[in-house]
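These are the residues of each chain, in order.
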Amino acid sequence: MLKMQNIRKSYRSDTIETHALRDFSLEVKEGEFVSVTGPSGSGKTTFLNIAGLLETPTGGQYLLDGQEVGGLSDRDRSHLRNEKIGFIFQGFNLIPDLNLFDNIDVPLRYRGFNAKERRRRIEKSLEQVGLAARAKHLPAQLSGGQQQRVAIARALAGEPRFLLADEPTGNLDSLMARQVMELLEFVNEWGTTIIMVTHDPDLARRAHRNIQIVDGQVSDLRQVAQHKQSAIA
Amino acid sequence: MLELRPILSALWRHKVSALLIALQLGLTLAIVSNALVVISERTERISRPTGVAENEIVTFNFMAIPKDYDMYDAFRQDLDMIRALPGVASATISNHVPLSGSGSASGFYTEPNKETGAMGSNYYTVDEHFVDALGMKLIAGRGFYPEEIMQIDPSSNDRPKVSVVTQKFADDLFPESDGNVLGKSFFLGGDDHPIEIVGIVERNLGPWPNSSIAGRGAFYPAITDRWFYYIVRAEPGQRDEVLKLVEEKLAERDGNRVINANTMEEEKAQYFAGDNTMIKVLSGVIVLLTFIVALGIVGLTVFWITQRQKQIGVRRALGATRTAISRYFLLENLMIAATGIALGTAAAQIFNGFLVREFDQPALPVSVTVFCALGLLAVSLAAALVPALRAANISPAMATRSV
Amino acid sequence: MFGYYVSLALRSLRRTPVLSALMVAAIAVGVGAAMTTLTLNYMMSRNALAEKDSVLYAVQLDGWDPHEAADNPSEMPWQLTYQDSVNLLRSDIPSKQVAMHRWGGPISLENSDVRPFNADSRVTSRDFFALFDVPFLFGGTWSEEADQSPIHQLVLTSETNDKLFGGENSVGRTVNFNGVPFTVVGVTEHWQPSPKVHDLNNGHFNKSAEVFLPFGLHRAFEIYPWGNTNGWKSEEITSYEDRLNSDMVWLQYWVQLDSPKQVEAYRDFLTGYIREQKEQGRFPRPLKIGLSKPSEWLLLNEVVDGDDRMLNWLSLAFLLVCLVNAVALLLAKFLRKAPEAGVRRALGASRNAVFSQHLVESACVGLLGGLAGILLTLAGLSLIRQLQMGYMDRVASMDWTMMLAAIGLAVLSSLLAGFYPAWRISRTNPSIYLKTQ
Ligand SMILES: Nc1ncnc2c1ncn2[C@@H]1O[C@H](COP(=O)(O)OP(=O)(O)OP(=O)(O)O)[C@@H](O)[C@H]1O
Ligand SMILES: [Mg+2]
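Calculation notes
Residues numbered from 1 in each chain as written. Chains lettered and ligands numbered in written order. Predicted model: local features only at pLDDT ≥ 70, side-chain atom pairs only at ≥ 80, totals over all residues. Heavy atoms only, no water. Helix = DSSP H or I, 4+ residues; strand = E, 2+ residues; numbered from the N terminus. Rg over C-alpha atoms; globule rule 2.2 N^0.38 Å. Buried < 20%, exposed > 50% of the residue type's maximum accessible area, 1.4 Å probe, protein only. Contact = heavy atoms within 4.5 Å. Areas by Shrake-Rupley, 256 points an atom, 1.4 Å probe, with all protein chains shown as cover. Buried area = accessible area lost by both parts, 1.4 Å probe. Salt bridge = Lys/Arg side-chain N within 4 Å of Asp/Glu carboxyl O. Polar contact = N/O pair within 3.5 Å; in protein donor to acceptor, adjacent residues only side chain to side chain. Expected span 1.5 Å × (residues − 1). Domains from an automatic or database assignment. Pairing = 2+ DSSP bridges. Axes fitted to C-alpha atoms, helices over the stretch in contact; angles between N-to-C directions. Phe/Tyr/Trp six-rings, centres within 6.5 Å; stacked < 30°, edge-to-face > 60°. Lys NZ or Arg CZ within 6 Å of the ring centre and 35° of its normal. Nonpolar A, V, L, I, M, F, W, Y, C, P; charged D, E, K, R; others polar. Parallel < 35°, antiparallel > 145°, perpendicular 65-115°, else oblique. Left-handed = near helix turned anticlockwise from the far one by under 90°. Near = heavy atom within 4 Å. pLDDT = per-residue confidence, 0-100.

Draft legend 1. Quick peek at the overall build of chain B. Looking only at helices and strands, chain B features 11 helices and 12 strands. Taking 2.2 N^0.38 as the reference for a compact globule, 403 residues should give roughly 22 Å; the C-alpha atoms of chain B span a radius of gyration of 32 Å, well beyond that estimate. Reported as C-alpha extents along the three principal axes, the dimensions of chain B are approximately 100 × 50 × 35 Å. With 403 residues in all, chain B has 51% of them scored as buried. Contacts in chain B between residues far apart in sequence, at least 24 positions, make up 81% of those at least 6 positions apart. Accessible surface computed for chain B: about 17900 Å², of which carbon and sulfur atoms make up 56%.

Structure follows, in C-alpha cells:
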C-alpha cells in the first residue's frame with residue numbers, strides 16, 4: 001500500500017539546515033492501523049506530510065499503491081490526494097466560513113462528483129459521525145470533539161483508502177479522545193488503512209502496529225534488527 | 001529607537017504588501033504634485049486682471065431682418081436710448097468683445113511700408129465712450145473726441161489718424177521709450193499712413209487671453225456695421241436688471257431684428273471653460289487619489305493588526321504599554337511612507353519631464369514636491385492612526401485565546 | 001467548477017464587506033476616471049466620414065507669406081481664397097467637389113407666429129449633400145445655375161424645417177433669409193457630425209448649419225463669412241470685389257476622388273494650377289499642396305488637443321494607482337485566507353484549482369467595480385458637460401461600446417491585479433498552515 005525507502009527531508013533556512021527525516025524507510029500494508037509516536041520535533045508531522053503528498057522529499061523513493069509518486073506533477077499529486085487520501089489534523093482545520101455541509105463538500109467538488117452524488121455522500125458521512133442534524137451549522141458553533149468528528153466525516157466522504165491523522169485527539173479531553181478513536185477503529189474495520197500520529201501511549205497501543213520515530217528515523221525494533229543484519233552482511 | 005530592528009524584520013516578512021503601499025504613495029505623489037502645478041498655472045491664467053469691468057458688463061448684438069436696413073442710424077438711436085436707461089453707467093459700440101474668444105488682430109510696425117517683423121496685436125473699433133464703458137483705466141493722454149469717430153466700411157481702406165493703446169502694446173512696440181509713447185505713431189503693414197498714439201490704458205487682455213498677443217491692444221475711433229456689439233456697463237450690482245431692460249427696450253424700439261444678449265462674465269467663463277475643466281478635474285484627481293491611498297493604508301493596517309492580534313496580546317501580556325503598541329504601528333507606517341515618498345519624488349520629476357516635453361506644462365518646483373510629500377505623509381499617518389489606536393486596545397487576554 | 005468558484009468568491013466577498021467594498025471602490029474609481037477620459041477621447045476622435053474615408057480629401061494650397069509658413073502643424077493655410085476656390089471648381093477631375101464656408105442671418109416666415117431667429121448657415125456649392133452623404137427627407141439640392149448666379153433657393157435641415165413648418169414637406173414654400181424671400185428646394189435628414197470634420201474652424205464640436213445656401217450669392221449679398229478669415233499681406237481693398245479677389249483665406253474645399261488615378265490626375269492639376277498662378281506673381285512659397293483624408297484631417301487639426309491627451313495619461317496613471325491599491329488589498333485578503341487554501345490543498349485541490357478560485361474572486365471584484373465604474377463614468381461625463389458649458393454635450397456621452405469597454409477594462413484590471421496574489425497563495429506550502437497552532 002505505502003512504501004518508503006531511504007526518504008530524506010531537510011529544511012534549509014538562512015542559518016541552519018534541519019534534517020527532519022533521514023534515511024527513513026517504512027512499509028504499510030493495506031488495511032493496517034499504524035500508530036506513530038516519538039518525541040517532539042522528531043519528524044512525525046514531516047513524515048505524514050510526505051506520505052500525504054503535501055510535501056516532496058529531498059531524496060529517496062516513495063511508492064503509493066505501487067506507484068512511484070516522486071516524478072508526478074502537482075496536478076496528479078492533487079488528484080491522488082483527493083482520491084486516495086484523507087487527512088485529519090490536530091487543529092481540525094475546518095474552513096470557518098463554510099457550514100458543515102459545505103466543508104464536507106470541498107473534497108467532493110475537487111473530485112468532480114455531480115450535485116446528487118455529493119449530497120448523498122455528505123449526508124452519509126455526517127450520519128456516520130452522528131452530526132446529520134447539524135449540517136447547516138458553522139464550525140464555530142460546535143465543540144472541539146464535534147469539530148474533529150466533522151473533520152473525520154470530511155476525510156471519509158471521498159471514501160479514501162488511506163487515512164492520515166496527526167494527533168487527532170491532541171486537543172480533546174480523554175472522553176472525546178476515546179470517541180474519536182472508536183470512530184477511527186470502526187473506519188479501519190471497513191478496510192481503510194490508517195496512519196495516526198499520537199502522543200498518547202494508550203491510544204498508540206490500540207493500533208495494530210506502533211512505529212517510533214526518533215531523530216528523523218524509524219526506530220522500531222524490527223527495523224533496527226534488519227539494519228544490523230544488513231550491516232553484518 | 002529600540003524598536004526599529006523588529007519593525008524592519010516584520011516588514012521584511014510583508015515586503016510585497018509594504019512595497020505596494022509605498023509604490024502607491026510614490027505614484028500618488030508624482031501625480032498629485034504635477035496636478036498641483038498645472039492647477040496653479042491655470043488658476044493664475046483665469047484670475048489674471050483683465051483690465052475691464054468684467055462683472056458689470058453686458059453685450060448686445062442684433063441682426064436686422066430687412067435687407068436694406070440703416071445700421072448706422074440704428075446704432076445712434078439705440079445707444080442714445082441705452083445711455084438714458086436707469087442703471088446704465090456707460091455704453092459703447094465695438095467690433096469685438098474682450099474675453100469673448102472672437103476678435104480681430106493685425107500686425108503693427110514702427111516704420112512705414114514694412115512687410116516683415118510685425119508685432120501682432122488685437123485691435124478694436126470703438127466710439128468715444130469706450131474707456132468708461134469697458135471700465136478701463138486711462139493712465140496717460142486722452143480718449144477720443146466725438147468728432148474723431150469715423151464710419152468704416154470693411155471693404156474700404158479708411159485708416160484712423162489716432163489710437164489709444166494698452167500699456168503692454170506701448171512697451172512691446174517701443175521697448176526703448178520707457179512708456180513715453182504719447183505722440184508717437186505706428187503703421188500697418190505695407191502702409192505709410194501714420195497712426196498717432198493719443199492715450200494709454202492700463203490693461204486689456206483682449207479677446208483671446210490665452211494667446212501670445214494677449215494684453216496688446218489698439219483702439220481706433222471708428223464704427224463698422226459688419227461686426228458690432230453694444231458694450232454696456234451697468235452700475236454695480238444692477239447688471240442682470242440692465243441686461244433684461246436693455247434687451248426689452250431694444251426689441252421695443254425696433255422689432256424688425258433678432259437680438260442676442262450676453263454677460264461678459266458668461267463669455268469669460270465660456271472662454272476659460274477648458275482651463276476651468278482642467279482645474280476641476282485635476283482637483284478631483286487629487287482628492288480621489290489621496291482618498292484611495294488613505295483607504296488602502298487603512299485597509300492594510302487593519303489587516304496586519306488583525307493578523308497579529310494574538311502577537312499583540314502576547315506583547316501586552318509581557319508588559320508592553322498601549323503607547324508602545326500604537327507607536328509600533330505608526331513607526332511601521334512612517335517607514336513605508338518614507339520609502340514611498342523617496343520613490344515618489346523621483347517619479348514626480350520624471351513625470352514632470354514628460355509633461356513639460358510633450359504637453360508644454362510648467363516645470364515642477366521642489367517646493368511643491370516637498371509640500372505634497374509632507375501632505376501625503378500626514379495623510380498616511382492619519383490613516384494609520386485609527387487602526388493603530390485600536391490595536392492598543394487589544395486585550396492581553398488575546399494571548400490565551402485560540403484564534 | 002467555475003460556478004463553484006463564483007459562489008465561493010461571493011461568499012468570501014460577503015465575509016469581509018469593508019475590505020471588499022474598498023477593493024470594488026478602488027477599481028470603480030480607477031475605471032471611472034480612465035473611462036471618462038477615454039470616452040471623451042474616443043468620441044472626440046470619431047470620424048463621421050469614416051465610410052468615405054478612402055475617397056474624400058480636404059484640399060490645401062500653400063499661398064501663404066513668403067517669409068514664414070502658416071502657423072499650424074500642416075504649415076499651410078487651412079482654408080482657400082475665394083478666387084482659388086472658384087478656379088478649382090472649374091476642374092472636372094473630381095467626381096464631386098465643394099467650396100463652402102459658414103455664414104448666418106435672421107430667418108423668418110411671412111404671416112406666421114414663428115419668431116424670427118438667427119440661423120447658422122452654410123454657403124456651399126451644390127455637391128455638398130452628395131459628397132458628404134447627407135440624405136434628403138424632401139426635395140434635393142439646388143440647380144447648377146444657383147452656384148454661379150444669385151438664385152434664391154435654399155435647403156433646410158429637418159430641425160429647421162420642424163421649427164418653421166412643423167415638419168411638413170416645405171419644398172416650394174418661401175422663407176425670408178436676411179430680409180429676402182428664398183424658395184425651399186430640399187429638406188435634409190438629421191445630420192450632425194461631431195467632431196464637425198467638414199469644417200473644423202469654429203469649435204470642433206459645435207453644431208452644424210441649420211440652413212444651406214447656394215454658392216452664387218456672394219456678390220448679391222456681399223457675404224462676409226462667419227468663420228475665420230486669415231490674411232498675411234496688406235492688400236488695398238476698397239470694394240467687395242477686391243475682397244473676393246484678395247489673398248485672404250476663408251473657404252473650405254473638399255473633393256471626392258474615387259480612384260488612385262483620379263488622385264494622381266488631381267494632384268497634377270493642382271500643381272499645374274499653382275505653377276500657372278506663380279507666373280502671375282501669386283503663391284510665393286515653394287510649391288506645396290495638401291490632400292488629406294477625413295481621418296488625417298482630424299489628426300492634423302488636433303481635434304484631440306494637448307489637455308485631452310494629458311488627461312488621458314493622467315487617468316491611466318490614476319488607474320495604475322488604483323490597481324496597485326487593489327493588488328495590495330487582494331493580497332491582504334488572500335493571505336488571510338491562506339489556512340483555508342492549505343486545507344483545500346490537503347483535500348485535493350491542485351495549485352491550479354486554488355489559483356483559479358482566487359482569480360475568479362478577483363474577477364468578481366472587477367465586475368462589480370466595472371458596473372460601479374460605469375456609473376462613475378456617467379457622473380464624470382455629466383460633470384465635464386457642465387464644466388464645458390455646452391461645448392462638449394455631444395462628445396461627453398457614453399455609447400454601448402464604451403460601456404462594454406468599461407466592464408472589460410475593470411475585469412481586465414482586476415484579473416491583472418489578482419494575478420500576483422492568486423499566484424502567491426497557490427504557491428504557498430500547505431503544510432505550514434496545517435500545523436497545530
Ligand atoms: N517548514 C519548516 N522549516 C524548517 N524546519 C522545519 C519545518 N517544518 C519542520 N521543521 C523541522 O523539522 C523537524 C521535524 O518537525 P516535525 O514537525 O515533523 O516534528 P514532529 O515530530 O511532528 O513534532 P511534534 O510532536 O512536536 O509535532 C523539527 O526539527 C522542525 O523544527
Ligand atoms: Mg507534529
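Draft legend 2. Local environment of the interface of chain A and chain C. Contacts between chain A and chain C engage 23 residues on the former and 25 residues on the latter. Counting each side, the surface lost to burial between chain A and chain C is near 2300 Å², with a carbon and sulfur contribution of 59%. Looking at the side of chain A facing chain C, the largest losses of area belong to Asp97, Arg109 and Tyr110 of chain A, adding up to 28% of the total buried there. On inspection of chain A and its partner chain C, the count reaches 3 salt bridges. Here Asp74 of chain A ties to Arg345 of chain C by a salt bridge, and the two come within 3.2 Å at their closest N and O atoms. Taken together, chain A and chain C are joined by 10 residue pairs in polar contact (both at pLDDT 80 or more). Elements that contribute at least two residues to the side of chain A that touches chain C include exactly helix 2 (74-84) and helix 3 (100-111) of chain A. For the side of chain A that touches chain C, the leading source of residues is helix 3 of chain A, giving 6 residues.

Draft legend 3. Expanded view of helix 8 (residues 260-279) of chain C. Residue and element names in this part refer to chain C. With 20 residues, helix 8 extends 29 Å from end C-alpha to end C-alpha; this agrees with the ideal 28 Å at 1.5 Å per step. Taken as a whole, helix 8 has its buried residues at Gln262, Val263, Tyr266, Leu270, Thr271, Tyr273, Ile274 and Gln277. In this structure, the buried side of helix 8 is in contact with strand 1 (56-61), helix 3 (82-89), strand 3 (96-108), strand 10 (249-256) and strand 11 (289-292). Looking one or two places after helix 8, you find Gly281, whose phi comes out positive at around 90°.

Draft legend 4. Spatial organisation of unusual backbone geometry. With an omega dihedral of 0°, the bond running from Ser194 of chain C to Pro195 of chain C counts as a cis peptide bond. Relative to the assigned elements, Pro195 of chain C resides in the loop between strand 8 (180-188) and strand 9 (211-214). Here Leu53 of chain A, not a glycine, exhibits a phi torsion of approximately 65°, which is positive. Assignment of secondary structure puts Leu53 of chain A in the loop between helix 1 (44-51) and strand 4 (59-64). For Leu53 of chain A, a relative accessible area of 2% puts it in the buried group.

Draft legend 5. Structural context of the domain arrangement of chain B. Examined at the domain level, chain B breaks down into domain 1 (4-47 + 273-400) and domain 2 (70-255). The gap between the C-alpha centroids of domain 1 of chain B and domain 2 of chain B is 54 Å.

Draft legend 6. Main features of the environment of Ala337 of chain B. Residues and elements named next belong to chain B. With respect to the helices and strands, the residue Ala337 is situated in helix 10 (residues 322-359). Counting along the chain gives 319 residues from Ala337 to Ala18, while the straight-line C-alpha distance between them is 9.3 Å. Apart from residues no more than four positions distant in its own chain, Ala337 is found in contact with Leu25, Leu377 and Ser380.

Draft legend 7. Up close: the sheet that holds strand 9 (residues 209-214) of chain A. Residue and element names in this part refer to chain A. Spatially, the 6 strands line up as an open sheet ordered 6-7-8-3-9-10, and their pairing is mixed. With partners counted over all chains shown, the strands left at the sheet margins are strand 6 (85-88) and strand 10 (217-218), one partner each. For strand 3 (residues 33-37) and strand 8 (residues 193-197), the ladder comprises 4 bridges, and the chain directions are parallel. Bridge pairing in strand 8 links Ser35 to Met196. Against the sheet, helix 1 makes contact with strand 3, strand 6, strand 7 (162-166), strand 8 and strand 9, and its axis sits at roughly 155° relative to strand 7, the strand it touches most.

Draft legend 8. Examining the pattern of salt bridges more closely. Throughout the structure, instances matching the rule amount to 52 salt bridges over all chains. Its salt-bridge partner being Glu117 of chain A, residue Arg120 of chain A comes within 3.1 Å of it at the nearest N-O pair. Residue Arg120 of chain A and its partner Glu117 of chain A are located together in helix 4 (residues 115-128), separated by 3 residues, close to a single helical turn. Taking the shortest distance from any N to any O, the salt bridge between Arg42 of chain B and Asp275 of chain B comes out at 3.0 Å. With Arg42 of chain B in helix 2 (residues 15-47) and Asp275 of chain B in helix 8 (residues 273-307), this residue pair connects regions lying 233 residues apart in the sequence. Note on accessibility: Arg42 of chain B and Asp275 of chain B belong to one class, buried. Taken together, the salt bridges that share partners define one network made up of Glu117, Arg120, Arg121, Lys124 and Glu159 of chain A.

Draft legend 9. Inspection of the packing of aromatic side chains at higher detail. Taken as a whole, this structure holds 48 aromatic pairs over all chains when the rule is applied. An angle of 85° between the planes, with centres 6.2 Å apart, marks the rings of Phe75 of chain B and Tyr230 of chain B as edge-to-face. Of the two residues, Phe75 of chain B sits in helix 3 (residues 71-83) while Tyr230 of chain B sits in strand 11 (residues 229-234), which places them 155 residues apart along the sequence. Taken together, a centroid distance of 5.9 Å and an interplanar angle of 10° make the contact between Tyr82 of chain C and Trp250 of chain C stacked. Of the two residues, Tyr82 of chain C sits in helix 3 while Trp250 of chain C sits in strand 10, which places them 168 residues apart along the sequence. We classify Tyr82 of chain C as buried; its relative accessible area is 8%. Through pairs of rings, three or more aromatic residues link up here, namely Trp78, Phe128, Phe129, Phe132, Phe136, Trp142, Trp191, Phe212, Trp254 and Trp297 of chain C. Sitting above the plane of the Phe101 of chain A ring, Lys136 of chain A keeps its charged end 4.8 Å from the centroid. Across the ring face of Trp12 of chain B, the terminal group of Lys15 of chain B is positioned such that the distance to the ring centre comes to 4.8 Å.

Draft legend 10. Seen up close, the pairing of strand 6 of chain A. All names here are of chain A. Of the two faces of strand 6, the one carrying Ile85 and Phe87 and the one carrying Gly86 and Ile88 are both buried. Pairing between strand 6 and strand 7: 4 bridges, direction parallel. Bridge pairing in strand 7 links Ile85 to Phe162.

Draft legend 11. Up close: the interface of chain C and chain B. Each partner contributes to the interface: chain C provides 56 residues, whereas chain B provides 56 residues. Viewed at the interface, chain B and chain C are joined by 1 salt bridge. For the salt bridge of Asp307 of chain C with Arg42 of chain B, the shortest nitrogen-to-oxygen distance reads 2.6 Å. Inspection of the chain C/chain B interface yields 4 residue pairs in polar contact (both at pLDDT 80 or more). If you tally residues by element for the side of chain C that touches chain B, the top one is helix 10 (residues 306-336) of chain C, at 21 residues. When its residues are assigned to classes, the side of chain C that touches chain B shows 35 nonpolar, 13 polar and 8 charged.

Draft legend 12. Quick peek at the packing of helix 10 of chain C against helix 12 (residues 351-387) of chain C. All names here are of chain C. It is at 12 Å that the axes of helix 10 and helix 12 come closest, and there the two elements cross at 135°. Relative to helix 12, the element helix 10 is oriented oblique. In this structure, helix 10 crosses over helix 12, and the sense of that crossing is right-handed. The segment helix 10 lies against helix 12, with Leu330, Lys333 and Phe334 engaging His358, Glu361 and Ser362.

Draft legend 13. The site of ligand 1, seen in detail. Ser40, Gly41, Lys44, Thr45 and Thr46 of chain A are the nearest of the 14 residues found near ligand 1. Residues within reach of ligand 1 are spread across chains A and C. Here Lys44 of chain A contributes a side-chain N or O atom positioned 2.7 Å from an oxygen atom of ligand 1. Between ligand 1 and Thr46 of chain A there is a distance of 2.5 Å, counted from an oxygen atom to a side-chain nitrogen or oxygen. About the coverage of ligand 1: the protein hides 69% of its 630 Å² of free accessible area. Mapped by element, the contributors of at least two residues to the shell around ligand 1 are strand 2 (17-28) and helix 1 of chain A.

Draft legend 14. Expanded view of the confidence of the model for chain B. Averaged over every residue, the pLDDT of chain B is 88; the share at 70 or more is 97%. Quick note on the complex model: pTM equals 0.80, ipTM equals 0.82.

Draft legend 15. Examining the side chain of His358 of chain C more closely. All names here are of chain C. As for its position among the elements, His358 is in helix 12. Here the side chain of His358 touches Val354 through a polar contact of 2.8 Å, landing on its backbone oxygen. Residues contacting His358, with those up to four places away along its chain left out, are Phe334, Lys337, Ala422 and Ile425.

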